[in-house]
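If you want the building blocks of each chain, they are given just below.
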Amino acid sequence: HDLEAIRAFVDELNFIAPVQDYSFETSIPLLQPMSSIAAFPRIYPYLQWTVTPFAGSALIGLRIPSAIFGALTVPALYLLGKQLFSWHVGVVSALLLATFPVHLQWSRLGMNNVADSLFGVLMFALLIRGARRGGSWHFALAGVCLGLTQYFYEGGRLVFLALSCIWF
């Protein structure tokens, strides 16, 4: 992949080098930190690397996983709003998120920040659904989503666990 010739934001540079590493190395541990600066595991760069053969090695290949996570967060927020209040609140909150400039910005950058919000919102929606309907598999899926918040941005490691403990 020729990712050296593209112009990227400074924070995206931390993700370009690990993506390039997958092209040359055959056995890179996914949970190993990307660098001494960005102590994130290499899972998100691996997702980016799997997309670049199809989307190209320009910024679009690095940014597609963020766009997918950002797009999936919109229906997840609808589900959360519907579980908490009503389908009206779910639709309004999903529409607000789909047009919220900050969400659009994070969804278009080749960084792992947007992945945590998807799994965190899904976790809360599943917790609420499990508490209301009594399905144990809702709680199990919520636990999986909470676990997935630990593998991307540091905010997910701290915020969603603390919020779920406070909420319960």
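Below you will find a few notes about this structure. (Residues numbered from 1 in each chain as written. Predicted model: local features only at pLDDT ≥ 70, side-chain atom pairs only at ≥ 80, totals over all residues. Heavy atoms only, no water.)

A separate point is a nonpolar patch on the surface. A grouping of Leu30, Leu31, Tyr46, Val144, Leu148 and Tyr151 is seen on the molecular surface, where their side chains present a nonpolar patch of about 510 Å² in accessible area. Examined against the element boundaries, valine 144 turns out to sit in helix H7 (residues 136–148). (Patch = residues over 30% accessible without salt bridge, like charges linked within 9 Å, V, L, I, M, F, W, Y side chains within 5 Å. Areas by Shrake-Rupley, 256 points an atom, 1.4 Å probe, with all protein chains shown as cover. Salt bridge = Lys/Arg side-chain N within 4 Å of Asp/Glu carboxyl O. Helix = DSSP H or I, 4+ residues; strand = E, 2+ residues; numbered from the N terminus.)

Between the first and last C-alpha of helix H4 (residues 87–99) there are 18 Å, a value that for 13 residues agrees with the 18 Å anticipated at 1.5 Å per step. Of the positions making up H4, those classed as buried are Gly90, Ser93, Ala94 and Leu97. All buried residues of H4 project into a common sector of 100° when viewed along the axis, lining one side. Seen from the buried face of H4, the exposed residues on the opposite side, beyond 90 degrees, are Leu95, Leu96 and Thr99. (Expected span 1.5 Å × (residues − 1). Buried < 20%, exposed > 50% of the residue type's maximum accessible area, 1.4 Å probe, protein only. Arc of directions from axis to C-beta.)

Below, the discussion takes up the nonpolar core. The biggest cluster of nonpolar side chains holds 30 residues, and the ones touching the most others in it are Phe15, Tyr44, Phe69, Leu80, Phe119, Met123 and Phe124. Sorting the residues of this core by element identifies helix H3 (59–84), H4, helix H6 (113–133) and H7 as the ones contributing at least two each. It is H6 that provides the largest number of residues to this core, a total of 11 residues. When neighbours within four sequence positions are excluded, leucine 80 is seen to be in contact with Val121, Phe124, Ala125 and Ile128. (Core = buried A, V, L, I, M, F, W, Y, C linked by side-chain atoms within 4.5 Å. Contact = heavy atoms within 4.5 Å.)

The calculated volume of the largest pocket comes to roughly 290 Å³. Going through the elements one at a time, H3, helix H5 (101–108), H6 and helix H8 (154–167) are the ones with two or more residues in the lining of the largest pocket. In terms of residue count, the dominant contributor to the lining of the largest pocket is H6 (5 residues). Among the residues forming the lining of the largest pocket, the class breakdown is 10 nonpolar, 6 polar and 1 charged. (1 Å grid on protein atoms, 1.4 Å probe; cavity = no way out; pocket = protein on both sides within 12 Å on 5 of 7 lines; lining within 4 Å. Points joined across faces, edges and corners; volume = space filled by probe spheres on them. Nonpolar A, V, L, I, M, F, W, Y, C, P; charged D, E, K, R; others polar.)

Turning to its location among the elements, serine 164 is positioned in helix H8. If we ignore the near neighbours within four places in the chain, the residues touching serine 164 are Met123, Phe124, Leu127 and Leu146.

Tracing the backbone through its elements, the reader meets asparagine 113 in helix H6. When near neighbours in sequence (up to four residues on either side) are disregarded, asparagine 113 contacts Trp106 and Tyr153.

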